[in-house]
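Take a look at the letters that make up each chain.
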Amino acid sequence: MQKQSEVLNQTVGVVDDRLAIERIELRTVRLPLNEPFETSFGRIDSRLIVLLSVQGGGETGWGEVVAAEEPLYSYETVGTASHVIRDYLAPALLSEPIRDLADLAQRLAPFRGHNMAKAGLELAYMDLLARLQRQSLSQLIGATRDRVPVGVSLGIQPTLDQLLQRVDRYLGLGYQRIKLKIKPGWDVGVVREVRRRHPSLLLSVDANCAYTLADEDHLKKLEEFDLLMIEQPLEHDDLIDHAQLQSRLQTRICLDESVTSIGRAKQALQLGSCRIINIKIGRVGGYSQALQIHDLCYSKGIPVWCGGMLESGIGRAHNIALASLPGFTLPGDISASSRYFARDLIVPEVTVSSDGTVASPRGPGLGFDVDLDYITARTETVTRLEPH
Ligand code: NPQ
Ligand code: MG
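Figured I'd write up the structure that's included with this text.

Reading the values: the criteria
Residues numbered from 1 in each chain as written. Chains lettered and ligands numbered in written order. Predicted model: local features only at pLDDT ≥ 70, side-chain atom pairs only at ≥ 80, totals over all residues. Heavy atoms only, no water. Phe/Tyr/Trp six-rings, centres within 6.5 Å; stacked < 30°, edge-to-face > 60°. Helix = DSSP H or I, 4+ residues; strand = E, 2+ residues; numbered from the N terminus. Buried < 20%, exposed > 50% of the residue type's maximum accessible area, 1.4 Å probe, protein only. Contact = heavy atoms within 4.5 Å. Donors = N, O, S within 2.8 Å, 3.2 Å for Na, K, Ca; no water. Polar contact = N/O pair within 3.5 Å; in protein donor to acceptor, adjacent residues only side chain to side chain. Salt bridge = Lys/Arg side-chain N within 4 Å of Asp/Glu carboxyl O. Pairing = 2+ DSSP bridges. Axes fitted to C-alpha atoms, helices over the stretch in contact; angles between N-to-C directions.

### Some remarks on the packing of aromatic side chains
Enumeration according to the criterion identifies five aromatic pairs in this entry. Here the aromatic rings of Tyr-88 and Phe-111 are separated by 5.8 Å at their centres, their planes lie at 45 degrees, and the arrangement is tilted. Taken together, the residues span a long stretch of sequence, with Tyr-88 in helix α1 (residues 78-94) and Phe-111 in the loop between α2 (101-108) and α3 (115-132) at a distance of 23 residues. With a centroid separation of 5.5 Å and 75 degrees between ring planes, the pair formed by Tyr-170 and Tyr-175 is classed as edge-to-face. Residue classification places Tyr-170 among the buried residues on the basis of a relative accessible area of 4%.

### Some points on the side chain of Ser-324
Checked against the element boundaries, Ser-324 lands in the loop between α12 (313-323) and α13 (337-340). The residues touching Ser-324, leaving out its near neighbours within four places in the chain, are Ser-138, Ala-143, Thr-144, Arg-145, Val-148 and Ser-360.

### A closer look at the coordination of the magnesium ion (ligand 2)
With distances of 2.1 to 2.3 Å, the protein atoms coordinating the magnesium ion (ligand 2) are Asp-206 (OD), Glu-231 (OE) and Asp-256 (OD). Coordination of the magnesium ion (ligand 2) draws on donor residues from a single chain, spaced D-x24-E-x24-D in sequence. Placement of the pair is Asp-206 in strand β7 (residues 203-206) and Glu-231 in strand β8 (residues 230-231), with a sequence separation of 25 residues. Neither Asp-206 nor Glu-231 differs from the other in exposure class; each is buried.

### Brief notes about the environment of Thr-357
With respect to the helices and strands, Thr-357 occurs in strand β13 (residues 357-359). Looking at Thr-357, the relative accessible area reads 9%, which means it is buried. Distance in space between the C-alpha atoms of Thr-357 and Ile-334 is 9.3 Å, their sequence separation being 23 residues. If we ignore the near neighbours within four places in the chain, the residues touching Thr-357 are Arg-147, Val-148, Pro-149, Val-150, Gln-176, Thr-351 and Val-352. Of the polar contacts made by the side chain of Thr-357, one reaches the side chain of Asp-355; its length is 2.7 Å.

### A closer look at the pattern of salt bridges
According to the stated counting rule, one finds 27 salt bridges in the structure shown. Notably, a salt bridge pairs Glu-380 with Arg-30, separated by 3.2 Å at the nearest N-O pair. In this pair, Glu-380 sits in strand β15 (residues 379-385) while Arg-30 sits in strand β1 (residues 23-39), placing the two residues 350 residues apart along the sequence. By relative accessible area, which is 22% here, Arg-30 ends up partly exposed.

### What to know about α2
Owing to its 3.6 residues per turn, the α-helix aligns residues three or four sequence positions apart on the same side. Within α2, six of the eight residues are buried, which leaves the element mostly enclosed by the surrounding structure. Where α2 is concerned, the buried positions are Leu-101, Ala-102, Asp-103, Leu-104, Arg-107 and Leu-108. Residues of α2 that are buried make contact with α1, α3 and α11 (287-300). Where α2 begins, one side-chain oxygen reaches toward the backbone nitrogen of Ala-102, 3.3 Å away; that side chain belongs to Asp-100.

### Quick look at the pairing of β1
Extensive coverage of β1 is indicated by the burial of twelve of its 17 residues. With antiparallel pairing between neighbouring strands as the criterion, β1 and strand β2 (residues 42-56) make up a hairpin whose turn holds two residues. When β1 meets β15, the two strands line up antiparallel, connected through six bridges. Within β15, the residue paired with Ile-24 across the bridge is Leu-385.

### Let's talk about the sheet that holds β1
In spatial order, the strands read β3-β2-β1-β15; together these four strands make up an open sheet with antiparallel pairing. Of all the strands in the sheet, just β3 (59-65) and β15 have a single pairing partner and so form its edges. Looking at each pair of strands side by side, their axes are set apart by 25 degrees on average, direction ignored. Together, β1, β2 and β3 form the strand contacts of α3, whose direction differs from that of β3 by roughly 155 degrees.

### Side note on the sheet that holds β8
In any sheet, the strands associate via hydrogen bonds between backbone groups, in a parallel or an antiparallel arrangement. If you trace the seven strands from one edge of the open sheet to the other, you get β5-β6-β7-β8-β9-β10-β11, paired in parallel fashion. Each of the sheet's edge strands pairs with one partner strand only, and the pair in question is β5 (152-154) and β11 (304-306). With four bridges connecting them, strand β6 (residues 178-181) and β7 associate as parallel partners. Across the sheet, Lys-181 pairs through a bridge with Asp-206, a residue of β7.

### Concerning the environment of Ala-117
On the secondary structure map, Ala-117 appears in helix α3. Once the C-alpha coordinates of Ala-117 and Gly-285 are considered, the two residues, 168 residues apart in sequence, prove to be 7.5 Å apart. The contact partners of Ala-117, leaving out residues within four places of it in the chain, are Val-65, Glu-76, Ala-81, Ile-85 and Leu-89.

What follows is the structure, encoded as structure tokens:
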């Protein structure tokens, strides 16, 4: 089988084998959330989305930077990503035609960190490439699935009753897995109640770094609830303490925040820090890294699934393409557009069928139409970047 990461070196089917980028547009678009989303690190009511569009060869590709407004989930923000893209990353792509994804990744590599900013550009480039080659993004990356299983992530709620109501609602809609956001004081009791009502539900929890190794005995109380996984219980950049905790838990640990590259994924597996990996294209710096992490885990039989960052339809469509790869065996945090937004930036919006799957589109690029009118209506800022 062809390794997914080999697409890194597939050349572009355009003139000179290289693609000249003519313009990059960076814009911010505010979308209100249908309901507030609360995690162990904070609560938001709306999402300020950073969109990137990249023009070249007569087509436009779209990407999304998943950074939040505040540096809570990670150090990146809408502000830092906008600065780094405008002043460093975009100029590195506009300076000379791009040969392939590996070439693009190499141009961005000298700049340390800022993975979400880099990923936004990789996403837009890959959509553009797929459109130019008249194939779907999932085909371009070597994915084969035509539907992907999905779950839903439920934020911390004001009351247990409200949580239980939401669990019922999303199970009724077909979602295959429920993930509960937890923090000290909103964990064992909550999980016990959800499990009591739904004995065979595929159930997991995500702590977003809210615990330390000193909480080992407390976290062990979760073992009796037959959780699919405990996601990122400890520090955001830790692998060592997670390895120690995993060695003492039956429940599988899944790493999210701590896996920021293929190198970190290798270390995590070598150390035994986790038995499952959540792959977010943004967190790891784009397709170039995400595909390598997928290939590594697939070869080792480590399950992976696609994480979510409350993306607009543009980021969501990229997640669907990624999750169509064969190693994504667990349901992803890829919900319907309507789970978060009254109206999405793409047409049609993403829908979840009653069997808890989302279709992986066959059309060129993202496989959805970008709703320019609605994007324009919600745009707060636009920056146009061109070669000089
Ligand atoms: C996670 N996502 O898996 C993240 C955390 C998260 C769907 O649970 C703004 C931007 C708000 C990014 C809230 C889900 C966010 C965010 C939560 C990411 O850990
Ligand atoms: Mg997480």
